[in-house]
Structure formats: C-alpha cells, structure tokens
Amino acid sequence: MTPHRAPGLLTPRRRVLAATGLCGLLLASCTIPLPNIPGLPRGGPTAPGPRVSDAPPAAPLQVGSNFIVKAVEKVGPAVVRIDTVKRVINPLGGLFGGGPSIQQQQGQGSGFITRSDGVILTNAHVVEGANEVSVTLPDGRSFNGKVLGADPLTDIAVVRVVAQKLPVAPLGDSSQVRPGEWAIAIGNPLGLDNTVTAGIISAIQRTNAIGEGQRVPYIQTDAAVNPGNSGGPLINDRGQVIGVNTAIRQAPGAGLSFAIPINLGKQIAAQILEKGRASHPYIGVRLQALTPRLAREINATSSECRLPEIDGVVVVEVLKDSPAAKAGLKPCDLIETVGGKAVKNPSEVQVAVDQGKVGQPLSISIKRGNSSRSISLEPAELRSSE
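So, how was this worked out
Residues numbered from 1 in each chain as written. Predicted model: local features only at pLDDT ≥ 70, side-chain atom pairs only at ≥ 80, totals over all residues. Heavy atoms only, no water. Helix = DSSP H or I, 4+ residues; strand = E, 2+ residues; numbered from the N terminus. Buried < 20%, exposed > 50% of the residue type's maximum accessible area, 1.4 Å probe, protein only. Contact = heavy atoms within 4.5 Å. Pairing = 2+ DSSP bridges. Disulfide = S-S within 2.5 Å.

Focus on the overall build of the chain
Now for step 1: Counting its secondary structure elements, the chain contains seven helices and 20 strands.
Now for step 2: For the chain, the residues scored as buried account for 40% of the 386 residues in total.
Now for step 3: In the chain, of all internal contacts separated by at least 6 residues, the share reaching a separation of at least 24 is 62%.

Below you can see the structure in the form of structure tokens.
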C-alpha cells in the first residue's frame with residue numbers, strides 16, 4: 001500500500017529536484033549538496049570514454065528575423081482568392097420536383113498577381129467552365145475577373161481584373177530549384193484565406209507525378225497543400241514564386257503536393273496574353289514505356305519487333321501524315337534523346353517535345369534494330385483533339 005503524504009510535503013528526491021530547478025531559473029551558479037538517496041545518481045568525476053564524434057563545435061545560431069515571415073510579407077499581399085460560379089443545365093429541372101432547370105455550382109481556388117495592372121496567374125481547372133469569376137485581395141478589395149485564356153495541358157490560366165497599382169508577386173527562376181531547399185505555399189485551402197504552410201522541395205522534374213499525358217516537369221514538395229490551394233504560389237526562402245500549386249497525392253498519414261514550375265507558367269501565360277491560347281508542338285506518335293520483361297514478351301510473340309531487353313521508350317504507332325511519319329519514324333523504334341536530352345519514359349518525351357517550337361527542326365535520336373541514327377523533324381501545332 002502506498003503511504004499517504006500531506007499536500008505540500010516533498011520527499012528527499014523532490015527537494016533535490018526542486019532546488020535544481022530553482023538554480024536553473026535563476027541562471028546562477030549553484031552548488032547543491034546531494035544526500036545519499038537510493039536510485040539518484042551521485043555526482044563526481046567520471047572516467048573519460050571513447051570519443052563518439054570528432055566534428056568541430058557548431059557555431060551558435062544567429063538570432064534574427066524569421067525568413068519565412070519575410071518571404072510571406074513579400075508575396076502574401078499579391079495572393080488572391082478566386083471564387084467562381086458555373087451554371088449547368090439540370091436535366092430533371094422542373095420535373096418531379098427535380099429543382100430549377102439551371103443550377104449554379106460554386107468553386108474556389110487561389111491565384112497571384114504578376115502585373116500591377118491586374119494580370120493574375122492561376123490553374124486552368126480553377127476557372128474551367130466558369131461563368132462568373134471574382135477576385136478578392138488580402139486587403140479585402142474585390143474585383144470581377146475575366147479569363148483571358150486557359151491551357152488544360154499545363155493547367156495554367158490567366159485572369160485579368162480592371163485595376164492599377166496592385167501588389168505584385170516577384171517571380172523566380174524554377175530552373176535553379178534544388179531538392180532540399182525551402183518551399184512555402186500560400187493560398188486559401190478549405191476556405192481558410194491567407195494560409196501559409198512550409199516544407200522543402202522533395203524532388204524536381206516529376207514528369208509522371210499525376211498520370212501519363214502531362215507535359216509538365218512538376219516540382220514536388222511536402223508543404224501541406226489542400227483543395228483551395230490550387231493556383232496559389234509556391235515560393236522560396238527569398239520571397240520569389242518558383243511554382244504554381246496544382247495537385248496533391250494523398251496516402252494514409254502522409255501527402256505530397258506538386259507545383260508547375262514558374263518558368264513554364266511564364267511561358268504559357270505569355271502565349272495566352274499574346275494570342276489568347278497556348279501553343280504546343282506535336283509530332284504524332286503513340287509511345288509505350290519499355291521494360292526488360294515487356295521486351296521479352298514482345299520478342300516472343302511478335303516477328304515485327306526485336307527489342308533490346310532494357311528500360312526505355314518504344315514507338316507503338318506513328319500517325320499518318322504526322323511530322324513523325326514524314327521524318328521516317330517507325331513502330332518499334334526506341335527513342336533515346338529528344339532535342340539532345342535523354343528520355344526514359346513517354347512523359348519525358350512529351351516534356352522534351354513541348355520544349356521545342358512549332359515549325360522549327362527538332363532532333364530525335366533513335367535505336368532501330370542494332371543501329372542508332374538521328375532524325376530531324378518539324379513539330380506541327382497540337383490541336384485540341386490530338
């Protein structure tokens with residue numbers, strides 16, 4: 001049975017610990033006699049043990065301003081909330097109590113101002129099909145927005161508001177981004193305006209982050225991003241926009257987010273501002289990721305292709321009258337480089353092709369059978385149905 005102690009009475013062990021704590025609070029040099037208490041380590045010199053580390057002493061941390069605060073203060077005023085209204089036809093409208101014939105769907109996302117005269121970058125999926133767009137600044141001002149253009153392939157859109165002398169988010173250089181650097185996301189996740197989260201750059205050049213068919217070398221980060229962050233900026237520790245937050249992949253207990261590199265965002269936005277749409281090169285091939293196992297299966301079942309048992313990209317189909325067909329590309333060709341850049345999967349081929357220009361020569365090196373060769377073709381303009 002545990003003996004009862006009256007409140008306020010301290011055991012010998014507690015008296016020692018209390019005295020030690022008081023010494024620490026006073027920031028003074030204290031000498032506390034330790035009674036012989038069973039279980040309490042005795043003081044005194046200890047024999048030197050083996051050296052665990054030979055690293056030099058670390059320099060003390062410098063007390064100063066928080067760089068995340070400074071970065072957010074620099075970009076935050078230019079981060080906006082985008083509210084949309086989309087009108088859709090209700091097929092059961094007016095029938096059997098099915099509601100109105102036209103229904104309104106509301107959406108919300110983020111964006112950031114890149115020009116003081118009202119040019120805003122956001123995601124294409126944020127404003128897709130919107131009949132009404134409103135833009136709200138952190139200072140409470142609200143404007144009607146007009147979608148100047150949107151590019152579903154890269155998920156970039158440009159919105160314009162009628163205003164002058166707006167705060168502007170400085171744009172950085174996403175080609176200089178490296179894994180391990182700080183990443184700060186600003187946006188309006190889950191309807192919570194002006195939310196800031198921070199993490200690091202987890203990876204770059206994620207061409208297969210959210211499925212095949214993308215033409216974006218995504219920046220991957222572990223900064224928390226949720227629905228409503230879409231279209232908002234990903235910034236570095238210097239307060240520069242390095243990406244446009246666009247997608248998340250979630251798993252139990254974890255999540256990853258992906259951003260469109262700002263260099264690509266600037267390129268697409270410039271095309272939209274100039275022509276009202278984005279331009280994408282097209283060569284006209286259907287591709288398949290090749291693995292040693294797949295190569296063995298193809299070699300065993302087909303007499304048309306003899307493929308090396310390696311990882312790579314194989315041409316499955318060449319569309320008739322396409323730039324690839326005119327240049328002589330054939331099914332079973334292995335694509336090794338595009339525009340001088342090595343490619344390892346179909347998404348990397350698409351990204352490399354997209355970095356070319358319509359009507360200008362693009363070099364592609366291939367392996368056909370046991371021989372390697374280089375061909376030159378001129379990409380055509382990608383149409384929406386291609």
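Digging into the pairing of strand β5 (residues 142-151)
Now for step 1: In the sheet, strand β4 (residues 132-136) pairs with β5 via three bridges, with the strands oriented antiparallel. By the bridge assignment for β5, Ser-134 is matched with Asn-144.
Now for step 2: Note that β5 and strand β6 (residues 156-161) share six bridges and pair antiparallel. By the bridge assignment, Ala-150 is partnered in β6 with Ala-157.
Now for step 3: Connecting β5 to the next strand, β6, in antiparallel fashion are four residues, including Asp-155 with a positive phi near 65°.

Brief notes about the state of the cysteines
Now for step 1: Applying the stated criterion across every chain, the model contains one disulfide.
Now for step 2: The disulfide partner of Cys-305 is Cys-332, and the S-S distance across this bridge is 1.5 Å. Judged by the torsion about the S-S bond (-55°), the Cys-305/Cys-332 disulfide is left-handed. Note that Cys-305 is positioned in the loop between α5 (292-301) and β15 (312-318) and Cys-332 in the loop between α6 (323-327) and β16 (334-338), a separation of 27 residues in sequence. As far as the burial class goes, Cys-305 and Cys-332 line up, both buried.

Some words on the environment of Val-159
Now for step 1: Assignment of secondary structure puts Val-159 in strand β6.
Now for step 2: On a C-alpha basis, the gap between Val-159 and Val-135 in space is 9.1 Å, while along the polypeptide they are 24 residues apart.
Now for step 3: Val-159 has contacts with Gly-118, Val-119, Ile-120, Thr-122, Val-127, Val-133, Val-135, Gly-145, Lys-146 and Val-147, leaving out every residue within four places of it along the chain.

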